[in-house]
Amino acid sequence: MKIIDSGFYRFVDVLPEPGIKKIIWDTYYRIKGVSEGVPALKTGTADFCALCLLEQYGAVFEKEKLLLNSEYYLSIYFAPAPVELVRDRLRECMEQQELGVKWSDFIKVTEFLKKNCSKWYANMEFYNGTENIDYEALWSRYTSAYGILKETLEQARERSEKQGLQLFLKEGDKLSPMELVTDFFSGQEQTFRETYNGFAAYERGKLMSAYEKLRQVPCYTAATQKILSEMERLLGEATKEDWMNLLNRFFELSKDLLEPNDRVFFGDQTEKTEEVTHHFASLGKFEYVMFGNDTSVGKNGKEGMVITTENIYFKGKISGGELPVTEISHFQFNGKMFGNGMTLYTIKGKKYNIPCEIGKNDQLNYLKVLDGLVRLLKTSFRERSLKETDKQNM
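Predicted model only: the values in this text are computed from it and were never measured.

**Remarks on the overall build of the protein chain**
Assigned secondary structure in the protein chain consists of 14 helices and eight strands. A total of 394 residues make up the protein chain; the buried ones form 46% of that total. For the protein chain, contacts bridging at least 24 residues in sequence account for 64% of all contacts bridging at least 6. Counting every atom, the protein chain has about 21,100 Å² of accessible surface; 49% of that belongs to carbon and sulfur.

This is the structure in structure tokens:
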């Protein structure tokens, strides 16, 4: 039975420990020589080491596509791209079977490496992301501690055959890492720096558009991540300031109508907003709670209704949903004398049952608060749109 029939994990499992470490060592320094870079892997070290072995796995069986893909992802680490992003892309690639290896098999290898090699690769320069290391001393310590040269390739073959496997190691030249990867990311960084030069002075609409465009880039370097993080910080500050201004205006129009309690709450009540956002209101990155009604039996935020700066979220005992505030027409209590349920009507005439837990004496005021809030938010959207349009025309 050929080793390839048993999968990537089985391939790694039968390799001698010195062989595993030599593959990782050699692959790392070969790509480092081409890229002239060092990845700073504070996390994801096992992923990187597993990729080194995956490249060897491809070379062993002369799987050209597998080898090229694994070298491509290895090279991305030297760009360097954020580890989490590389991992996400790698998983997507494996799940689409572009690498010919299952993600679950790859994860088994990373767990194997964490268990058996973590102390060893903690001494490697890429673990700390630093160039300040004595390579010759490390190589000497490496060879003496692990006997890297004691088992020849022929001995490795013999040992694997005794386990009922055939280990065919490809001799000679390997495919070199793709230098195009380095060129691509260098060009990408230059393009982004030029395209978004002076983004800190963008008005909010333009900044949000630039941020969303940049977020769509499937793979980028740590330098690009810095641009994104700064854009996110600026947008966060601007949207939070707008939210606080809106909340103060909302307080003014509702102060004589409803008092907050353990069911009715406003956006400044942190404990309550955290409960509902944890259970059913999936807020966006720059979205804030304005008003809500907790209808859960335990008053723990598991059910109810929440209106934010962008959307309305609702969840009852059976179903729930969300809609943009701009689609809301009005609210209405069901049945004569208001009854017990409440309905949301959209501009297009659709109806949604909205959870509601409010005292009968407060129902009319509750409707006034909801309608007032929707008008306030829609007015805010229009005002913001006009300001952004005026700035663009200046």
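So that's the structure; there's more coming.
**A few points about unusual backbone geometry**
Look at Lys 299: it is not a glycine, yet its phi comes out positive at around 50°. Examined against the element boundaries, Lys 299 turns out to sit in the loop between strand 2 (289-294) and strand 3 (304-308). Looking at Lys 299, the relative accessible area reads 34%, which means it is partly exposed.

**What about helix 5 (residues 83-95)?**
With 13 residues, helix 5 should reach 18 Å at 1.5 Å per residue; the first-to-last C-alpha distance of 18 Å fits that figure. Taken together, the buried positions of helix 5 are occupied by Val 83, Leu 85, Val 86, Leu 90, Cys 93 and Met 94. Down the axis of helix 5, the buried set is contained in an arc of 165°. They therefore lie on one face. Exposed side chains of helix 5 directed beyond 90 degrees from the buried face belong to Glu 84, Asp 88 and Glu 95.

**As for the pattern of salt bridges**
All told, the structure shown has 19 salt bridges when counted by the stated rule. Note that Arg 87 and Asp 47 form a salt bridge whose closest N and O atoms lie 2.4 Å from each other. In this pair, Arg 87 sits in helix 5 while Asp 47 sits in helix 3 (residues 45-60), placing the two residues 40 residues apart along the sequence. Under the relative-accessibility criterion, Arg 87 is labelled partly exposed at 32%. Between Lys 317 and Glu 303 there is a salt bridge, with the nearest N and O atoms lying 3.8 Å from each other.

Rules of the game
Residues numbered from 1 in each chain as written. Predicted model: local features only at pLDDT ≥ 70, side-chain atom pairs only at ≥ 80, totals over all residues. Heavy atoms only, no water. Helix = DSSP H or I, 4+ residues; strand = E, 2+ residues; numbered from the N terminus. Buried < 20%, exposed > 50% of the residue type's maximum accessible area, 1.4 Å probe, protein only. Contact = heavy atoms within 4.5 Å. Areas by Shrake-Rupley, 256 points an atom, 1.4 Å probe, with all protein chains shown as cover. Expected span 1.5 Å × (residues − 1). Arc of directions from axis to C-beta. Salt bridge = Lys/Arg side-chain N within 4 Å of Asp/Glu carboxyl O.

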